[in-house]
Every structure is written in C-alpha cells, then in structure tokens.
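A structural walkthrough
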Number of protein chains: 2
Amino acid sequence: MAPTPEAIRATVEAYVQAVAGGTVDDVLALFAPGATVEDPVGTPVRTTEAELREFYGMVAPLKQEGEVLTVRVAGDSAAFHFRLVTIMDDQRFELSPIDVMTFDDDAKITSMRAYWGPEDMVSG
Amino acid sequence: MAPTPEAIRATVEAYVQAVAGGTVDDVLALFAPGATVEDPVGTPVRTTEAELREFYGMVAPLKQEGEVLTVRVAGDSAAFHFRLVTIMDDQRFELSPIDVMTFDDDAKITSMRAYWGPEDMVSG
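The structure contained in this document is the topic of the report that follows. From a predicted model like this one, the values you see are computed outputs, not experimental measurements. (Residues numbered from 1 in each chain as written. Chains lettered and ligands numbered in written order. Predicted model: local features only at pLDDT ≥ 70, side-chain atom pairs only at ≥ 80, totals over all residues. Heavy atoms only, no water.)

1. Quick look at the environment of Pro44 of chain B
Residues and elements named next belong to chain B.
- With respect to the helices and strands, Pro44 occurs in the loop between β1 (31-38) and α3 (49-59).
- With relative accessibility at 70%, the residue Pro44 sits in the exposed group.
- C-alpha separation for the pair Pro44 and Leu69, spaced 25 residues apart in sequence, amounts to 27 Å. (Helix = DSSP H or I, 4+ residues; strand = E, 2+ residues; numbered from the N terminus. Buried < 20%, exposed > 50% of the residue type's maximum accessible area, 1.4 Å probe, protein only.)

This is how it looks when you write it as structure tokens:
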C-alpha cells in the first residue's frame, strides 16, 4: 500500500531535523535499502550505503539549524522547500534547496534529488 | 551548451504567467518538441502535443493570477514553488504546487512534473 501523505510529511520533517541536528545513523535510518541520492541534481548519483554515509558524514559534524518551509505530496513522492543554516564561528551560511523524494510503502526514502545552485548559498 | 540559470528562470517566469493569463499557444511555445507533462506526479504522463494542448486548454479560459514564489536551478533542471489563484464569481481557489522541469539548450521545457495533492487546494 502506498504511504499516506501524513507518513511522507513525517519522514520529510524527520529528515530535515536529522540532517540539521542528528547523526549520520539518524539520517540513514530514514532511507530504504538501495536508496539513491543526487545532490545537487546533475552530479553523480550516490547509490551505495557507503556513499550515502560519506555524503551525510560531511554535514553531520556541522552546527546547523533546519526548518521545513513547504511540502507538496503527490502519490508516493514529495517535493519540499527547506532551510538549512550552518553556523561557523560568527558566520551563518544559509542554503534553502528544493528536494524531491520518492518513498516506499513504509514511507522510507527510496530516492532524493536536491535542486540548488551556487547562487543559492547565502552567507551573513 | 546547457542553458544558463538566467535563461531557465526566465522560462519559469514566462510559464507561470502564460498558464495564469496567456493562451494555450503562449504556454506551448515554451515547450520543446516531444516534451512530457505529468500533473500531478503519479498520474499518466502526457506525451503528445495534442495531449498538452488539451491539458492546458482546460485552464486557459479561467481567470487566474500567477506568482513565482521560489526557483531553484540545478544544471539543466529547475524546481519551483508558485501560486495560481483562480477567480470564479466571488470565490478564489488557490493552488501552489512545486513543479520540476528539465530544459533543452534553448531553455525550452522538455519535461514538467507537478507535485501537489488534493489537500493543497485552498478556497476562500
């Protein structure tokens, strides 16, 4: 059975909070086996757990705040706009991508594709 | 050569304005030959010009206002959040989907996929 919109929204919220303030294991627990990650869209797709672990391991040690801004669910997919603020010393780096995900019947993430470009990175 | 982010953003803006206030021909002029439309995601993909013409023909006669809220460009793709307000008699129906598009070298649309669900339709 397809996941409910509520289950998909819960996974999206958990994902943004895990990326911002959780461990790599917290993030990976939200993915289904065999899930793929393309971030940003147009770069090589990460297809193995080791690649996902390496990717999310880069952001896990950073001090970050995350906020889901808008979620749109369609069938077993979602697109969502979220803000990730990284705090380093006195500087704040803000990135608010639009991510697209697909989900399995348990609302685990089967694919993630992130839409953003260099011009979307804001510091201040 | 891949389209520039600026060219992609211009097509997105023109698309939202054409859907809101233009003719079917205005909308179709922004698509490349062979373009596909899946709206919402999970429904059958429209693959012919006749199908695209029929689809956009349903919204063309409506009195609408459109506004682009957020655009994120990645390579030859974009995801964008926009608002479409339909005015019928004294009622306003508002839908603000997140669309994902791919573009050819001339920044013509080669595919469109719209993320929204019944719960995103707001009237008032």
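2. Some thoughts on the relation of the copies chain B and chain A
- Each copy of the sequence occupies a distinct position, and chain B is placed on chain A by a rotation of 180° and an axial shift of 0.0 Å, giving an RMSD of 0.0 Å. On the angle and the small slide along the axis, the relation comes out as a two-fold axis.
- The share of interface residues of chain B whose copies in chain A are also at the interface is 100%, consistent with both copies meeting through the same surface. (Least-squares fit on C-alpha atoms with pLDDT ≥ 70 in both. Contact = heavy atoms within 4.5 Å.)

3. Some points on the pattern of salt bridges
- Taken as a whole, this structure holds 16 salt bridges over all chains when the rule is applied.
- Between Asp120 of chain A and Arg9 of chain B there is a salt bridge; the shortest N-O distance is 3.7 Å. Within this pair, whereas Asp120 of chain A is found in the loop between β6 (109-115) and β7 (121-123), its partner Arg9 of chain B is found in helix α1 (residues 5-21), the two belonging to separate chains.
- Since its relative accessible area comes to 8%, Asp120 of chain A is described here as buried.
- Between Glu67 of chain B and Arg83 of chain B there is a salt bridge, with the nearest N and O atoms lying 2.7 Å from each other. One end of the pair, Glu67 of chain B, is in strand β2 (residues 64-74); the other, Arg83 of chain B, is in strand β3 (residues 77-88), and 16 residues separate them in sequence.
- Overlapping salt bridges, with partners in common, bring together Arg9 and Arg72 of chain A together with Glu119 and Asp120 of chain B in one network. (Salt bridge = Lys/Arg side-chain N within 4 Å of Asp/Glu carboxyl O.)

4. Structural notes on the nonpolar core
- Grouped together as the largest cluster of nonpolar side chains are 31 residues, with contacts concentrated most on Tyr15, Phe31, Tyr56, Phe80 and Met112 of chain B.
- Elements with a minimum of two residues in this core: α1, α2 (24-28), β1, α3, β2, β3, β5 (98-103) and β6 (109-115) of chain B.
- Looking at this core, the element that brings in the most residues is α1 of chain B, giving seven residues.
- Counting residues in each nonpolar core, the second largest holds 29 residues, with Val12, Phe31, Val73 and Met112 of chain A among its members. (Core = buried A, V, L, I, M, F, W, Y, C linked by side-chain atoms within 4.5 Å.)

5. Observations regarding the side chain of Ser111 of chain A
All names here are of chain A.
- Tracing the chain through its elements places Ser111 in strand β6.
- Residue class for Ser111 comes out buried when judged on its relative accessible area of 16%.
- At a separation of 2.5 Å, a polar atom in the side chain of Ser111 contacts the side chain of Thr102.
- Discounting residues that sit within four places of it in the chain, Ser111 has contacts with Thr36, Val100, Met101 and Thr102. (Polar contact = N/O pair within 3.5 Å; in protein donor to acceptor, adjacent residues only side chain to side chain.)

6. Re the environment of Trp116 of chain B
- Along the polypeptide, Trp116 of chain B turns up in the loop between β6 and β7 (121-123).
- For the pair Trp116 of chain B and Arg83 of chain B, spaced 33 residues apart in sequence, the C-alpha separation works out to 12 Å.
- Discounting residues that sit within four places of it in the chain, Trp116 of chain B has contacts with Arg72, Val73 and Ala74 of chain A together with Asp39, Pro40, Leu95 and Pro97 of chain B.
- One polar contact links Trp116 of chain B to Asp39 of chain B, side chain to side chain, over a distance of 2.7 Å.

7. What about the interface of chain B and chain A?
- Listed per partner, the contact involves 25 residues of chain B and 25 residues of chain A.
- Here chain B meets chain A over a buried area of about 1700 Å², counting both sides, of which 58% is carbon and sulfur.
- When the area that chain B buries against chain A is broken down by residue, the three leading residues are Arg72, Ile98 and Tyr115 of chain B, summing to 36%.
- In this structure, the connection of chain B to chain A is made through six salt bridges. (Buried area = accessible area lost by both parts, 1.4 Å probe.)

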